[in-house]
Amino acid sequence: MSKEFPGEKLLIKVINDLADFLPYLVLVGGWVPYIYARYIWKNVPNMAVTTGDIDFGVGAQDFKGKDTVSSRVQRLGYGERHVSMDRMVPFIPIVKDLEGDLKAEVEFITDPKVPRKIVDKIIGTAIKINEIKHFSLLLDSVMTAQMDARAIQIPTESMFTFHKMLTFIERENKDKLKKDLYYVYYMLRFCPKKEQLADDVVTLIKKQKEGKKVKENLKEYFSSIDSKGPLLVEQENGPDAYIDDVRQDVFDKFSGIRRRVEE
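Reference entry: report on the structure contained in this document. In this text the structure is predicted, and so the values were computed from the model without any measurement.

With that settled, consider the pattern of salt bridges. Taken as a whole, this structure holds 21 salt bridges when the rule is applied. Where D180 meets R171, a salt bridge forms, and the shortest distance between an N and an O atom there is 2.8 Å. What makes R171 partly exposed here is its relative accessible area of 34%. A salt bridge links D240 to R189; its shortest N-O distance comes to 2.6 Å. Within this pair, whereas D240 is found in the loop between α10 (228–237) and α11 (246–262), its partner R189 is found in helix α7 (residues 174–190), the two being separated by 51 residues in sequence. Judged by relative accessible area, D240 falls into the buried class, the value being 17%. Since its relative accessible area comes to 8%, R189 is described here as buried. A single salt-bridge network, built from bridges that share partners, covers D20, D67, R72 and R75.

What follows deals with the nonpolar core. Counting 82 residues, the largest nonpolar core has I54, F108, I123 and M165 as the members making the most contacts within it. When residues in this core are grouped by element, the largest group, ten residues, is from α7. Among residues more than four places away in sequence, those in contact with M165 are V184, L188, V201, I205, V214, N217, L218, F254 and I257.

This paragraph deals with the packing of aromatic side chains. The full count for this structure, using the stated rule, is twelve aromatic pairs. Note on F168 and Y221: the rings are 4.9 Å apart at their centroids and 90° apart in plane angle, and the pair reads as edge-to-face. On the criterion of sequence distance, the pair formed by F168 in the loop between α6 (157–167) and α7 and Y221 in helix α9 (residues 211–221) is long-range, its members being 53 residues apart. The pair F168 / Y221 is uniform in exposure class, with both members buried. Among the aromatic residues, ring-to-ring pairing joins Y36, W41, Y182, Y183, Y185, Y186 and F190 into one connected group. The ring of Y221 has K228 sitting right over it, with the charged end atom 4.3 Å from the ring centre.

Before going further, it helps to spend a moment on the environment of K215. Structurally, K215 is set in helix α9. Note: C-alpha distance between K215 and W31 (184 residues apart in sequence) is 25 Å. Sequence-distant contacts of K215, that is, excluding residues within four places in its chain, are made with I205 and V261.

Strand β4 (residues 91–96) sits mainly inside the fold: five of its six residues count as buried. In the sheet, strand β3 (residues 79–82) pairs with β4 via four bridges, with the strands oriented antiparallel. Residue pairing across strands places E80 opposite P93, the latter belonging to β4. A loop of six residues connects β4 with strand β5 (residues 103–110), the two strands running antiparallel in sequence, and G100 in this loop sits at a positive phi of about 80°.

Attention shifts here to the pairing of strand β8 (residues 150–155). In terms of strand pairing, strand β7 (residues 142–147) meets β8 through six bridges, oriented antiparallel. Counterpart to M143 in the pairing with β8 is I154. The loop that links β7 with its antiparallel partner β8 comprises two residues; one of these, D148, has a positive phi angle of about 50°.

By the element assignment, D180 lies in helix α7. Judged by its relative accessible area of 3%, D180 is buried. A distance of 2.8 Å separates the side chain of D180 from the side chain of R171, its partner in a polar contact.

For α7, built from 17 residues, the straight-helix expectation of 24 Å at 1.5 Å per residue is met to within 8% by its first-to-last C-alpha distance of 24 Å. Looking at where α7 begins, the residue whose side-chain oxygen comes 2.8 Å from the main-chain nitrogen of D175 is N173.

Let us look at the environment of A60. For A60, the position within the fold is in the loop between β2 (54–58) and α3 (69–75). Considering only alpha carbons, one finds A60 and D140, 80 residues apart in sequence, at a separation of 9.9 Å. Excluding residues that lie within four positions of it along the chain, A60 makes contacts with V114 and I118.

Cis geometry is found at the peptide bond from V89 to P90, where omega equals -5°. Backbone geometry at N43 places phi at a positive 55°, although glycine is not the residue there. As for its placement among the helices and strands, N43 is situated in the loop between α2 (31–40) and β2.

Parameters at a glance
- Residues numbered from 1 in each chain as written.
- Predicted model: local features only at pLDDT ≥ 70, side-chain atom pairs only at ≥ 80, totals over all residues.
- Heavy atoms only, no water.
- Salt bridge = Lys/Arg side-chain N within 4 Å of Asp/Glu carboxyl O.
- Buried < 20%, exposed > 50% of the residue type's maximum accessible area, 1.4 Å probe, protein only.
- Helix = DSSP H or I, 4+ residues; strand = E, 2+ residues; numbered from the N terminus.
- Core = buried A, V, L, I, M, F, W, Y, C linked by side-chain atoms within 4.5 Å.
- Contact = heavy atoms within 4.5 Å.
- Phe/Tyr/Trp six-rings, centres within 6.5 Å; stacked < 30°, edge-to-face > 60°.
- Lys NZ or Arg CZ within 6 Å of the ring centre and 35° of its normal.
- Pairing = 2+ DSSP bridges.
- Polar contact = N/O pair within 3.5 Å; in protein donor to acceptor, adjacent residues only side chain to side chain.
- Expected span 1.5 Å × (residues − 1).

Listed below in structure tokens is the structure:
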């Protein structure tokens, strides 16, 4: 059974603080497999590695509210990390627990195709907005999860997995690249309907125009058991109580998808 990660109380605080904005936000990043494991799937034996940061995607929904995320977090006394030392904006909000022992940056991401004026109506102009190519794939394929009596949007299992397969290679930080590949492995390994998930990912690779890039990534990183991919995931996974040969299992899962795509 998945256990609570200490940083979860920070995520719950942010979700409660931003309750009015939740219909316009999609929780993304390393928290997604954690949410699946803890709140949606059943009897998952271990917890997905997660990040300390809390990331939300922002799409092109028309927001009618008068408040913004930036004014809300400032009013609630969130900390701020200023992108430029000599300017107060843009800033990245920092949520802290009451004791001050835990803290996490709260980041907001959109697709370059989403008009900035729409994003600014929701987030405001003071918070730094990251733009990521292909991000609309995640924003357009979501489901709702219940967390602490709040409904939050997260990417579907198949699109989250597909998108990580597409974008992991663009990570400049090797540790984040490893985590992205591990999240894919975690989804493929522990999803209760893993055969359906594999089917759906294969379908996305074949039908989405970005699927060609996914195929190239799989070929580069998972062409053999000694390729970069299985080695990196094995390192991130660490010792495993359930599988003797993690590297072989990683290779089998990724190469299985690659083989079906090429059929």
